[in-house]
Amino acid sequence: ELLLQEEQDGNALEQITELLDTMGLLVEILPTFLTKMRAGYAEMAENFPAIVELLRQMNPGAQILLDHVPNPLSGVSVTGSSVITLGQILGTVVIPANLLIDATAEEYGCEVVETVDVPIGDALHPTNEGYQLIAQRSYDKLRAVEHSFRDVEKGLWYEDAVNYVSSRQIMT
C-alpha cells in the first residue's frame with residue numbers, strides 16, 4: 001500500500017523509513033521489555049497473595065476490593081495490521097496477572113473491580129472518565145454488600161453505620 005502511495009505522492013518512502021526505524025527499535029527493546037514484564041509478574045505472583053492474606057488477617061470482616069490490571073496497549077500494533085499486536089504481547093503478562101487476582105480474590109473472599117475496559121489516557125493511566133468508572137464500580141461493589149442484621153432494613157438512615165461497625169468487628 002505504501003509503495004503504491006509512493007508512486008502517487010512521493011511521501012510513502014519517508015513513512016516506510018519511519019516504520020522500519022520504529023520496528024527496529026521494537027525488535028531491539030522487545031526482549032528486555034518482555035524479560036522485565038515477566039520478572040514483574042513473577043514478583044507479583046510471589047507477593048500479591050501474601051499481601052492480601054495479611055490484609056485479611058488484619059481485617060477479617062472487611063470488604064477488600066481488588067482491581068484487575070488493564071492492558072493499555074490492547075489493539076495497538078506497529079503497522080495497524082501486524083500479525084501480533086503490542087497489546088497481545090503485553091497480554092502475556094496482563095492476562096495471567098488478572099487470573100492471579102481472580103484466584104486470590106476467591107481464596108481470601110475479596111471482590112474484583114473490573115478495569116480492563118476503562119479508557120486509558122497516556123498509554124498507562126486511565127483518563128478522568130476511566131477513574132470515574134473505576135470509582136463508580138468500586139462504590140457499587142461496596143454498596144452491594146449484604147449484611148446479616150435482620151432487624152436493620154435496607155435504606156434505614158443508620159444502615160451504613162451498622163454495616164461499618166460490623167465489618168470492623170467493633171460490634172457483632
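Check the entry above for the structure.
How each quantity is defined
Residues numbered from 1 in each chain as written. Predicted model: local features only at pLDDT ≥ 70, side-chain atom pairs only at ≥ 80, totals over all residues. Heavy atoms only, no water. Salt bridge = Lys/Arg side-chain N within 4 Å of Asp/Glu carboxyl O. Helix = DSSP H or I, 4+ residues; strand = E, 2+ residues; numbered from the N terminus. Buried < 20%, exposed > 50% of the residue type's maximum accessible area, 1.4 Å probe, protein only. Polar contact = N/O pair within 3.5 Å; in protein donor to acceptor, adjacent residues only side chain to side chain. Contact = heavy atoms within 4.5 Å. Core = buried A, V, L, I, M, F, W, Y, C linked by side-chain atoms within 4.5 Å. Phe/Tyr/Trp six-rings, centres within 6.5 Å; stacked < 30°, edge-to-face > 60°.

Engineer: I'd like to hear about the pattern of salt bridges, residue by residue, with values.
Structural biologist: Going through the model one piece at a time under the given rule, you end up with 2 salt bridges. Of the charged contacts, one joins E111 and K141 as a salt bridge, the two residues approaching to 3.6 Å between their closest N and O atoms. In this pair, E111 sits in strand β2 (residues 111-113) while K141 sits in helix α4 (residues 128-143), placing the two residues 30 residues apart along the sequence. The exposure class assigned to E111 is partly exposed, which follows from its relative accessible area of 33%. On the basis of relative accessibility, which here comes to 29%, the residue K141 falls in the partly exposed class.

Engineer: Describe the side chain of N98, listing the residues and the values that go with them.
Structural biologist: With respect to the helices and strands, the residue N98 is situated in helix α3 (residues 86-108). By relative accessible area, N98 is classed as buried at 9%. From its side chain, N98 meets the backbone nitrogen of V69 in a polar contact 2.6 Å long. Ignoring sequence-local partners within four residues, the contact set of N98 consists of H68, V69 and V116.

Engineer: Residues and numbers for the nonpolar core, please.
Structural biologist: Ranked by size, the top nonpolar core spans 10 residues in total: F48, V52, I64, L66, L100, I101, A105, Y108, C110 and V112. Only α2 (12-58) and α3 provide two or more residues apiece to this core. No other element matches α3, which puts 4 residues into this core. With residues up to four places along the chain from it excluded, the contact list for C110 reads V52, R56, I64, L66 and A105. L34, I89, L90 and V93 belong to the second-largest nonpolar core, a separate cluster that totals 6 residues.

Engineer: Any chance you could break down the packing of aromatic side chains for me, citing the residues and the numbers?
Structural biologist: The geometry of two aromatic rings is summed up by the distance between their centres and the angle between their planes. Considering all chains together, one arrives at 1 aromatic pair under this definition. Both rings, one in W157 and one in Y158, keep their centres 5.2 Å apart while their planes meet at 85 degrees; by these two values the pair is edge-to-face. Since its relative accessible area comes to 29%, Y158 is described here as partly exposed.

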